[in-house]
Each structure stands twice: as structure tokens, then as C-alpha cells.
Amino acid sequence: MKTERFQIDTIPAVLYGEPANEGYLFLHGQMGYKEEAEAFAQVVCPKGVQVLSIDLPGHGERRDRGEELFPWTAVPDIQAALNWAYHQWNKVSLRANSIGAYFAGLAFDAPSRALLASPVLDMEGLILIMMDWAGVTEEQLREQSKIATSFGQTLSWKYLCWVREHPVYNWTCPIHILYGSGDNMTSRQTIDEFVCKHNAKLTVMEGGEHWFHTPQQLAVLRKWEETET
């Protein structure tokens, strides 16, 4: 499979597949990297499309730049990648994981198609859940600005306020979601409400987790990608 590595501005990117008129922008999740797109590219590139993937701030080749993964840093990079994609392709679709799906909802107003694996669909709700896990009130977070938690996440008042002030786009394209029944980041109620509102197609892996990483989970992910593209 043809693979080209380059930069969009200062953003490390990789492009998979032969030249085509349409393609997917692949966005990884937290702790991910752009090369995760290769497995997806192996599925869709033979169908006559390309796959573009970028390293989000603080990830992949950008881990040592002192950057952090926030929506206000990620969204401009995604928009730069989209600008590149729309100059190359007639149709741009989306394949995103976890928080990458949330960032895409802030940056991408009208994908042709969206494939979302374990998507974070309600960031405000997720932050409030993590605050509950940590026993932190809004008043405490506002007063302290940032609070580190025992589960590795740092709660941020600025982040919560930003999320509340920046709603995601309301997509009308075909949306396909893969969800693990054991996902502790996004509730089944949130998923079901989103599916109903957007007439999305939902595939649930019973016993699956937020992070699809075991051989069985990856097999389900691969089958879902093959079926929904």
C-alpha cells in the first residue's frame, strides 16, 4: 500500500493509498498516534479511497514539543488537515476514535460520512462524571483552576468552561458508531440519545471496552470497518 509521510504546516501527517477523488480523515484518541490509521487504510484503500491521518498535539511525533491535547489546540490542526483534504478530494469522510470524535465534531461541519469508534459524544457530561469520581465540586474546581486526580486525569475549570461555550456541529451525514457495552467513558443512554437524534447506525460489542485493543475486540473493529464502508 502506498504510504507518504509529510507535514501539513508543522503537523506530522501520513497519507495511505493511491491517488483518489475521495478520502477519510482519521483521528486517533488520547494516547494514540497517526499510524493507527494503517489498519483502517488496509480495509478502505482497496475500495478506491485514500486515508489521511495526523498526530494530534502532544501525541505521536509531537510528544516532545511541550504541547497538550486540548480542544483549542486540536481543532485548528484538524481544520488545517481538512483544508488540505478538500484541496485533494471531492468528498471527505471521517474515521475517528474516542476523543478524536469529539474534536471532529468541533472542527468538521459536514463530513460525507462518519465512522466513530467509542466516540466521546458529551464532553461536558464526561467531565462532570470524572469530577464525581474524584469527589470534586464545580466550586472547588473554579477556585483551584486545576485538580489532579488519582485516575490520571487533570480536571480543568478552563476546559469545562470552554466545552460549555463551544457546542459541536449538528451533522446530517450517515453516521456509524461502534460501541463497547463496557465503555465507562460514554454511557449507553448518551449513545442511544445521539443515535436517535442523528438517525445513526449503532453496532454494540457486548463486553467490549472503551479501548478496543484485545484480539477479539480488534477483530470486531475490523469487521465493523469492512461492513460500514
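See the structure printed just above.
Every residue gets a number counted from 1 within its own chain, in the order that chain's sequence is written. For a predicted model such as this one, the threshold for reporting local features is a pLDDT of at least 70, and the threshold for listing and counting side-chain atom pairs is 80 or more; totals across whole chains, interfaces and linings nevertheless cover every residue. Hydrogens and water are ignored here; the side-chain numbers use all heavy atoms of the structure.

Trainee: Explain the pattern of salt bridges to me, using residue names and the numbers behind them.
Mentor: For side chains of opposite charge, pairing can occur when their charged atoms come near one another. By salt bridge we mean one thing: a side-chain nitrogen of Lys or Arg within 4 Å of a carboxyl oxygen of Asp or Glu. Scanning all chains against the criterion turns up 13 salt bridges. Glu 138 is the partner of Arg 164 in a salt bridge, and the nearest nitrogen-oxygen pair spans 2.9 Å. With a gap of 26 residues between them, Arg 164 in helix α6 (residues 157–165) and Glu 138 in helix α5 (residues 138–144) connect regions that are remote in the sequence. Using a relative accessible area of 27% as the deciding quantity, one classes Glu 138 as partly exposed. Among the charged side chains, a salt-bridge network with shared partners connects Arg 5, Lys 34, Glu 35, Asp 55 and Glu 61. Each helix is a run of H or I in the DSSP string that is no shorter than four residues. Each strand is a run of E no shorter than two, and both are numbered from the N terminus. The buried label goes to any residue with under 20% of its type's maximum accessible area, the exposed label to any with over 50%, and the partly exposed label to all in between, with areas taken from a 1.4 Å probe on protein chains only.

Trainee: Account for helix α4 (residues 123–134), naming residues and giving values.
Mentor: Here the expected span of a helix is defined as 1.5 Å times the quantity of residues minus one. The terminal C-alpha atoms of α4 lie 16 Å apart, and with 12 residues this matches the ideal 16 Å at 1.5 Å per residue to within 8%. Among all positions in α4, only Met 123, Gly 125, Leu 126, Ile 127, Met 130 and Met 131 are buried. Those residues of α4 that are buried are in contact with α3 (99–107), α5, β8 (154–156) and α6. Any two residues whose heavy atoms approach within 4.5 Å are treated as being in contact.

Trainee: So what about the packing of α4 against α6? Which residues, and what values?
Mentor: In this analysis an axis means a line fitted to C-alpha atoms, helices contributing only their contacting stretch, and an angle means the value between N-to-C directions, from 0 to 180 degrees. Remark: α4 packs on α6, axes separated minimally by 9 Å, with the N-to-C direction vectors making an angle of 155°. The orientation of α4 with respect to α6, classified from their angle, is roughly antiparallel. Two packed elements cross with a definite hand, and for α4 against α6 that hand is left-handed. Counted together, Met 123, Glu 124, Ile 127, Leu 128 and Met 131 of α4 and Tyr 159, Leu 160, Val 163 and Arg 164 of α6 form the full contact between these two elements. Of the residues that constitute the contact of α4 with α6, the class distribution is seven nonpolar, no polar and two charged. Every angle not falling under 35 degrees, over 145, or within 65 to 115 is termed oblique; those three ranges are roughly parallel, roughly antiparallel and roughly perpendicular. By definition, any crossing whose near helix is turned counterclockwise from its far helix by less than a right angle is left-handed, and any crossing with a clockwise turn is right-handed. All residues other than Ala, Val, Leu, Ile, Met, Phe, Trp, Tyr, Cys, Pro, Asp, Glu, Lys and Arg, Gly among them, are scored as polar; the first ten of these are nonpolar and the last four charged.

Trainee: Provide a residue-level description of a nonpolar patch on the surface, including the pertinent values.
Mentor: A cluster of nonpolar side chains, contributed by Ile 129, Trp 133 and Phe 151, occupies part of the molecular surface with about 260 Å² of accessible area. Along the chain, the position of Trp 133 falls in helix α4. For Trp 133, a relative accessible area of 43% puts it in the partly exposed group. Residues forming no salt bridge and having over 30% relative accessible area are the ones grouped into patches, like charges within 9 Å of each other and nonpolar side chains (Val, Leu, Ile, Met, Phe, Trp, Tyr) within 5 Å. Here the Shrake-Rupley method, with its probe set to 1.4 Å, supplies the accessible areas, and only the displayed protein chains count as covering residues.

Trainee: Which residues make up the sheet that holds strand β5 (residues 91–97), and what values go with them?
Mentor: Spatial ordering of the open sheet is given by β1-β2-β4-β3-β5-β6-β9-β10, a layout of eight strands whose pairing is mixed. Here the strands that pair on one side only, and so sit at the sheet edges, are β1 (3–8) and β10 (201–205). On average, adjacent strands in this sheet sit at an angle of 20° to one another, irrespective of strand direction. Judged from the four bridges that link them, strand β2 (residues 11–16) and strand β4 (residues 50–54) form a sheet pairing that is antiparallel. Along β4, the bridge assignment pairs Tyr 16 with Val 51. Helix α1 (residues 37–44) contacts β2, β3 (22–27), β4, β5 and β6 (114–117) of the sheet and is inclined by roughly 170° relative to β4. DSSP calls a pair of strands paired once it identifies at least 2 bridges connecting them.

Trainee: Please provide a residue-by-residue account of the nonpolar core, values included.
Mentor: Formed by 57 residues in total, the largest nonpolar core has its most connected members in Leu 52 and Phe 103. Dropping the residues within four chain positions of it, Leu 52 is found in contact with Phe 6, Ile 8, Ala 13, Val 14, Leu 15, Tyr 24, Leu 25, Phe 26, Ala 81, Trp 84, Ala 85 and Trp 89. Only buried residues count toward a nonpolar core, which is a set of Ala, Val, Leu, Ile, Met, Phe, Trp, Tyr and Cys residues joined through side-chain atoms within 4.5 Å.

Trainee: Could you give an account of the side chain of Thr 190, naming the residues involved and the relevant values?
Mentor: Take Thr 190: it is sitting in helix α7 (residues 188–198). Distance and chemistry together define a polar contact, namely a pair of N or O atoms within 3.5 Å, with one atom able to donate a hydrogen and the other to accept it when in protein, and with adjacent residues in sequence counting only for side-chain atoms on both sides. A distance of 2.9 Å separates polar atoms of two side chains, one belonging to Thr 190 and the other to Ser 187. With residues up to four places along the chain from it excluded, the contact list for Thr 190 reads Leu 121 and Asp 122.

Trainee: So what's going on with the packing of α3 against α6? Residues and values would help.
Mentor: Contact geometry for α3 and α6: axes closest at 12 Å, N-to-C directions at 50°. The orientation of α3 relative to α6 falls into the category oblique. α6 is crossed by α3, and the crossing has left-handed handedness. On α6, the residues that touch Ile 99, Tyr 102, Phe 103 and Leu 106 of α3 are Tyr 159, Trp 162 and Val 163.

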